[in-house]
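Chain by chain, the residues:
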Amino acid sequence: MVDYAAAIRRATLEAGRLHRDLAIQARVVRGHGRIDVYEAITKLNVPLLFTKLDGLLGVYLREPSPGILVTTQRRQNLQRYTAAHELGHHYLGHRPSLDDEDALRRAPFQAKAGDDPQEVEAESFAAAFLLPRWLLDWHCERQEWTDQDLHDPINLYQLALRVGMSFKATIWTALRYGVFNLAVAREMAALPLKAVKQKILHGYEPDDYRGDVWLVTDSDKNLRLEGGPGDLVVVRLPEHSSSGYLWRIESIDGEALDIVADSRERLVETGLIGGSTLRRITAAARNSCDGEFRLAEERPWMRAKPLNTFAVHYNLAGASRQGWYEPQRLAHLQAAA
Ligand SMILES: [Zn+2]
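Residues numbered from 1 in each chain as written. Predicted model: local features only at pLDDT ≥ 70, side-chain atom pairs only at ≥ 80, totals over all residues. Heavy atoms only, no water.

Before going further, it helps to spend a moment on the domain arrangement of the protein. If you check the domain split of the protein, you get domain 1 (1-191) and domain 2 (210-315). If you average the C-alpha positions of domain 1 and of domain 2, the two centres end up 31 Å apart. At the junction of the two partners, domain 1 supplies 11 residues and domain 2 supplies 18 residues. Summed over both sides, the interface between domain 1 and domain 2 buries roughly 1,200 Å², with carbon and sulfur atoms accounting for 40% of that surface. When residues of domain 1 are sorted by the area they lose upon contact with domain 2, R75, R142 and R162 head the list and together hold 38% of the total. Between domain 1 and domain 2 we count three salt bridges in total. For D231, the salt bridge goes to R75, with nearest N and O atoms at 3.3 Å. The interface formed by domain 1 and domain 2 holds 11 residue pairs in polar contact (both at pLDDT 80 or more) in total. For the side of domain 1 that touches domain 2, the leading source of residues is helix α8 (residues 153-163), giving five residues. (Domains from an automatic or database assignment. Contact = heavy atoms within 4.5 Å. Buried area = accessible area lost by both parts, 1.4 Å probe. Salt bridge = Lys/Arg side-chain N within 4 Å of Asp/Glu carboxyl O. Polar contact = N/O pair within 3.5 Å; in protein donor to acceptor, adjacent residues only side chain to side chain. Helix = DSSP H or I, 4+ residues; strand = E, 2+ residues; numbered from the N terminus.)

Below, the structure written as structure tokens:
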């Protein structure tokens, strides 16, 4: 009998050990709340190559020396997750592994009789590495989310985007941390992501729903948005319109975003933000640039003094393309020079 619970525990503990060994937590909480799995692989001196892998998502090689291959044919979050899975095989001392869709579609922290214990471990490692408990807490604190707020699929999806993991893997990881029970997790995992995206878009209909939909609020000041070329960004900010202040788009670097919708909702008088409106600006990525999206809340006739400013840094490069992981390639070039 395989003790799956022990395998899952071990994988989780080892992910935590690697966070400590590489001093990841301090950097992530001072930074942008996202774990750089490619950097971790590089620090362990494991070569990392992105390439077309027919029928496979990732490969872990051991002989003659370790190496990780990740598909170029999936979105960036699945690439990250695959890399974390292969890192798990490496760090846990596993046999070489060829991982297809099935291996990476299982729910982390879940196992049933007959599952390969090595795969159960690698999956749990991947989820615990990309979304440790302390990182979930960090995002909840920043967003002022309680556990109850994470029962809302919109918030859980936004958490997934910020940590760079799939919606489903985020659900199973939140279940592991006791954010909700199995019934809630199953219900949420059964939701089509398109429906969640539609709810955020509030009536705006894109040509397709392949891209991610980011909901950016005033809890996201100076957010680093790591997205892809098909993504949509909904910026929702309170606007002090009764005092004459309106949000104005100051600039969009590289013109990487198109404004596709712009609307206002009247906020219910709460005393706190009495007489305000909620401004909702929807932007669609039009290329894969990176840059900054800047807004200022000001009186149109007194532009010199904005009441508030707001900026989001975006990187819409999307999936990593064919080739060695860029920093590794550069390090090789430098060593050879
Ligand atoms: Zn595997």
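Moving on: the coordination of the zinc ion. The coordination sphere of the zinc ion, as far as protein atoms go, consists of H85 (NE2), H89 (NE2), D99 (OD), D99 (OD), E119 (OE) and E119 (OE), spread over 2.0 to 2.6 Å. If you look at the zinc ion, its six donor atoms make angles of 53 to 142° with each other, and the shape they trace is irregular. Between consecutive donors of the zinc ion, the numbers of intervening residues give the motif H-x3-H-x9-D-x19-E. Placement of the pair is H89 in helix α4 (residues 76-91) and E119 in helix α6 (residues 117-130), with a sequence separation of 30 residues. (Donors = N, O, S within 2.8 Å, 3.2 Å for Na, K, Ca; no water. Tetrahedral: all angles 85-135°; square planar, octahedral: opposite > 155°, others 65-115°.)

The next thing to look at is the pattern of salt bridges. Taken as a whole, this structure holds 21 salt bridges when the rule is applied. Between R279 and E239 there is a salt bridge; the shortest N-O distance is 2.7 Å. Of this pair, R279 sits in strand β10 (residues 277-285) while E239 sits in strand β7 (residues 232-239); the two residues are 40 residues apart in sequence, bridging distant segments of the chain. Here R279 falls in the buried class, since its relative accessible area comes to 7%. (Buried < 20%, exposed > 50% of the residue type's maximum accessible area, 1.4 Å probe, protein only.)

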